[in-house]
Amino acid sequence: SCRCVSVTVAMMAPAYKINCTTAGDELHSQIQVVNDAMQHANRIGVAFTSKAAAAMLSKRMWQSGLFLVASLALVWSVLNTIRAFEPSYLSYQEYRFTVLEQRSGTSGRDRAEPTAHISALGLLRDGCRVTSGAASETRAGAQVTVRYDKEVPMNGFYFVTHGGEPDKDPVRFWLHARTGNGEWETVSASSWRIRATGFVDFNDGRFPTPRARNQRVDVYPRAGWPWVVAFPGVQFVVLTISFTLVACGALGRARHAEWLLIAGFTAVAILQVLGASGEIGQGRREEGAYWLLFALAPLAMALMIAVDEKHIIARMTAVGAYLCLLELVFAAAVWQELSELTMSPPLTGLLFFLAGGSLLGAHAMALWRAKRLIQEDKAKYDKVWERELADPQTKQEIDKFAESVKQVTKRIGKGWARQMGLKEAEFLSVSLLSRYDKAYAQNADTKYIGWTPHLSRQKAYKSFRIKKRFLLMRALTSNWKTSLPNMPDCPSVYVDVQTKIVSLDQLYMQAHCMDVVLKAKVQEWALKADGWFPLTRQNGKPCAVPTFAKWSDLKQQHNPAVKWGKVKSVSRSIEKLLRVYQADVSKLVDVCRQSIVFNSMTDLARGFDVVVGDPHVDVLRVVNRLDVEYDARESAGYRDVKLNIRINAKEAVELYINSHVCELQLIHMDFATLKHDAGHQRYKLFRDERCE
């Protein structure tokens, strides 16, 4: 088999070397098609994937929900805009102005003076003084009452500061009105809040009365530009982003969801900051402070989507709780309106909190259903594991093997294996570089690899000209050695730990090349450790049940019917990329994989030592599921030993694939015999429910 590998490498090398080190876009472009990767995934579970925004947008349920949100935002924004710009009038016959506090801090009701410290009081309609109707003015202590002979429509009022001391000016006051002998109703005050619905809540906060003497002070309790920016403006952004998201989902462009949501939340935060600035500029500091703190919520959502979408639902729930707490604190401590909480800001918080909590609960139910799918298979695997642990000798071997794995893990360190690029040793001699530069010009058919494996030849050569470094493909420099006497051997290729693989095409080219090399290596390891392989046929007939044979018996056959592990399908790789790995190709470390079956724990431990001790193997990570400390619920009860390895054998180096990470599974015979197609189909359903 090793000879076959050498022949295969010699045949493929000229064509595959460039492809293994150069990025492509044929397969990589398929990562953008989110709908295919999420087609069988649970509708609730997609909200907990690594690309949650795009995954949710690929489902009709979420598109319908967004359409509903957009429709409500459209109606709400239109009504608020009309309410903001359309004048609304109040019509009463008698108006009473009551001073609650003067600038000096003395309450008007506690003073002995019989009159309020203002020169005049009048009504306003659209900024103009109301002159219709005969008015009579009555003063009594801190109150000034103006009575007309008929109902007078108004949407504001004014008072004129007195010519005396500025410290006596009113800064906290109420304006009540009635018709005839009816009940007094509040129509204005020294401070107010505009709800998201456009309605006004009055309170007795301080009014920024000017210190100038005999100046008319207009009081208009209506929505100004800060409110228009912070409410109708935000609602317009929400409906625009929502409709755009729905259109992207319907047209199969769900991949744009992430950046649309980030842009939408950022725009909302900016508008709320602008509205808060306007409120502060108009002297309403409490309102400004509230909306500045409120703006932290959409800003946090934008940052969380950009950093990690997988946990966005849990964090959305936390943001909702924050908004509710913010409203509660301001209502109790600042506005003193705990009994009459404004409905719109807490409504936003409640929607976030309840929606997030509901999704978390639904996801928990989906995980529970997933566990029920594989309950039967898990029971079989658990029974096998319990039988192994019941045997004292086997239990001792399991514990001993676990310690051996821990020693290897301690030596290699813990962490994720990654698919990295390649670099060759650098030539630091300027004179030597110039000779390679000349050789490059004389060899038109020579290919060149730059600092990263995905650079084009032109960009790589430009990088060389700037950095004065020249990196050559090892197998294509043989002609140079003859033309350049005394030239040192081309340096070995080594892994570039600073450059990750970014192309799915490049990764799959490496995987298909590595598949040949890995098959040869597992045959070598199985021969040394009495390993077994599954068969597709036995005695000329297809195997109806899992059947295995020792490699030492099979290797003498011309074409043994071994069921080799296949390169992972592109569709499954894309599923993992979008569901778990945030579309990071370098995290796919099991595209090329093989397995060896062992008849006992002793043989399995010996096989592990053979693999780890192979001088052509770099072990990057070991996952020991044959450990009493391992929680088998994560793997539906199934147990094996997984190794992520790099193979730096001569054939791998010549094909420039010695940086490729592949997966090797070491399986106990008792677990291998339980694996079958029906169980695998149930595991796929289990995986789809969990969106893995």
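In the block above lies the structure referred to throughout.
Just so it is clear, the structure is predicted and the values come from calculations on it, not from any experiment.

(A) Spotlight on the overall build of the protein chain. The helix and strand inventory of the protein chain stands at 22 helices and 21 strands. Among the 692 residues that make up the protein chain, the fraction classed as buried is 49%. Counting only carbon and sulfur atoms, one obtains 56% of the accessible surface of the protein chain, whose full area is about 33,400 Å².

(B) The nonpolar core, seen in detail. Grouped together as the largest cluster of nonpolar side chains are 113 residues, with contacts concentrated most on Leu504, Trp525, Ile596, Phe608, Leu643, Ile645 and Leu666. A total of 12 residues in this core trace back to one element, the largest contributor, which is helix α16 (residues 504-529). In this view, isoleucine 645 contacts Leu518, Trp525, Val617, Asp618, Val619, His660, Val661, Cys662 and Leu664; residues no more than four positions away in its chain are not counted. One finds Val99, Leu123, Ala142 and Phe159 within the second-largest nonpolar core, a separate group that totals 25 residues.

(C) Quick look at the sheet that holds strand β7 (residues 170-178). What the 5 strands build is an open sheet, ordered β4-β5-β1-β7-β8; its pairing is antiparallel. Because the sheet does not close on itself, it has two edges, and the strands there are β4 (135-140) and β8 (185-189). This sheet shows a mean twist of 25° between the axes of neighbouring strands, independent of strand direction.

(D) Up close: the sheet that holds strand β2 (residues 118-125). Spatially, β3-β2-β6-β11 is the arrangement adopted by the 4 strands of the open sheet, whose pairing is antiparallel. With partners counted over all chains shown, the strands left at the sheet margins are β3 (128-129) and β11 (216-219), one partner each. Here 4 bridges tie strand β6 (residues 156-161) to β11, and the two strands are oriented antiparallel to one another. Residue pairing across strands places phenylalanine 159 opposite valine 217, the latter belonging to β11.

(E) Inspection of helix α8 (residues 285-307) at higher detail. Taking 1.5 Å of rise per residue, 23 residues should cover 33 Å, and α8 covers 33 Å from first to last C-alpha, within 8% of that figure. Every buried residue of α8 is accounted for by Glu287, Gly288, Tyr290, Trp291, Phe294, Ala295, Ala297, Pro298, Met301, Ala302, Met304 and Ile305.

(F) Structural context of the layout of surface pockets. As a volume, the second largest pocket reaches approximately 1,600 Å³. Looking at the second largest pocket, it is lined by 49 residues, and the ones nearest its centre are Val69, Val238, Ser242, Phe265 and Phe352. Sorting the residues of the lining of the second largest pocket by element identifies α3 (52-57), α4 (60-85), α6 (232-250), α7 (257-281), α8, α9 (312-334) and α10 (344-373) as the ones contributing at least two each. The element contributing the most residues to the lining of the second largest pocket is α4, with 9 residues. Of the residues that constitute the lining of the second largest pocket, the class distribution is 41 nonpolar, 7 polar and 1 charged.

(G) Quick look at unusual backbone geometry. The backbone of alanine 583 sits at a positive phi, close to 60°, despite the residue not being glycine. On the secondary structure map, alanine 583 appears in the loop between α18 (570-579) and β18 (593-598). When its relative accessible area of 28% is taken as the criterion, alanine 583 is described as partly exposed. One non-glycine residue, alanine 636, lies in the positive phi region at around 60°.

(H) Just the packing of aromatic side chains, in detail. Throughout the structure, instances matching the rule amount to 19 aromatic pairs. Ring centres 4.9 Å apart and planes at 80° place the aromatic pair tyrosine 290 and tryptophan 291 in the edge-to-face group. The same class applies to tyrosine 290 and to tryptophan 291, which are both buried. Note on tryptophan 385 and phenylalanine 671: the rings are 6.5 Å apart at their centroids and 45° apart in plane angle, and the pair reads as tilted. Here tryptophan 385 is found in helix α11 (residues 375-390), whereas its partner phenylalanine 671 is found in helix α21 (residues 669-672), with 286 residues between them in sequence. Neither tryptophan 385 nor phenylalanine 671 differs from the other in exposure class; each is buried. An aromatic cluster of at least three residues, connected via ring pairs, comprises Phe97, Phe157, Phe159, Phe173 and Phe207. Over the aromatic face of tryptophan 184 sits the side chain of arginine 96, whose NZ or CZ is 4.4 Å from the ring centroid. We note arginine 639 situated over the ring of tryptophan 385; from NZ or CZ to the ring centre the distance is 4.2 Å.

(I) A look at the environment of histidine 363. When you line up the elements, histidine 363 lands in helix α10. When its relative accessible area of 13% is taken as the criterion, histidine 363 is described as buried. For the pair histidine 363 and alanine 47, spaced 316 residues apart in sequence, the C-alpha to C-alpha distance is 8.8 Å. Not counting the four nearest positions on each side in its chain, histidine 363 is found in contact with Ile44, Gly45 and Phe48.

About the cut-offs
Residues numbered from 1 in each chain as written. Predicted model: local features only at pLDDT ≥ 70, side-chain atom pairs only at ≥ 80, totals over all residues. Heavy atoms only, no water. Helix = DSSP H or I, 4+ residues; strand = E, 2+ residues; numbered from the N terminus. Buried < 20%, exposed > 50% of the residue type's maximum accessible area, 1.4 Å probe, protein only. Areas by Shrake-Rupley, 256 points an atom, 1.4 Å probe, with all protein chains shown as cover. Core = buried A, V, L, I, M, F, W, Y, C linked by side-chain atoms within 4.5 Å. Contact = heavy atoms within 4.5 Å. Pairing = 2+ DSSP bridges. Axes fitted to C-alpha atoms, helices over the stretch in contact; angles between N-to-C directions. Expected span 1.5 Å × (residues − 1). 1 Å grid on protein atoms, 1.4 Å probe; cavity = no way out; pocket = protein on both sides within 12 Å on 5 of 7 lines; lining within 4 Å. Points joined across faces, edges and corners; volume = space filled by probe spheres on them. Nonpolar A, V, L, I, M, F, W, Y, C, P; charged D, E, K, R; others polar. Phe/Tyr/Trp six-rings, centres within 6.5 Å; stacked < 30°, edge-to-face > 60°. Lys NZ or Arg CZ within 6 Å of the ring centre and 35° of its normal.

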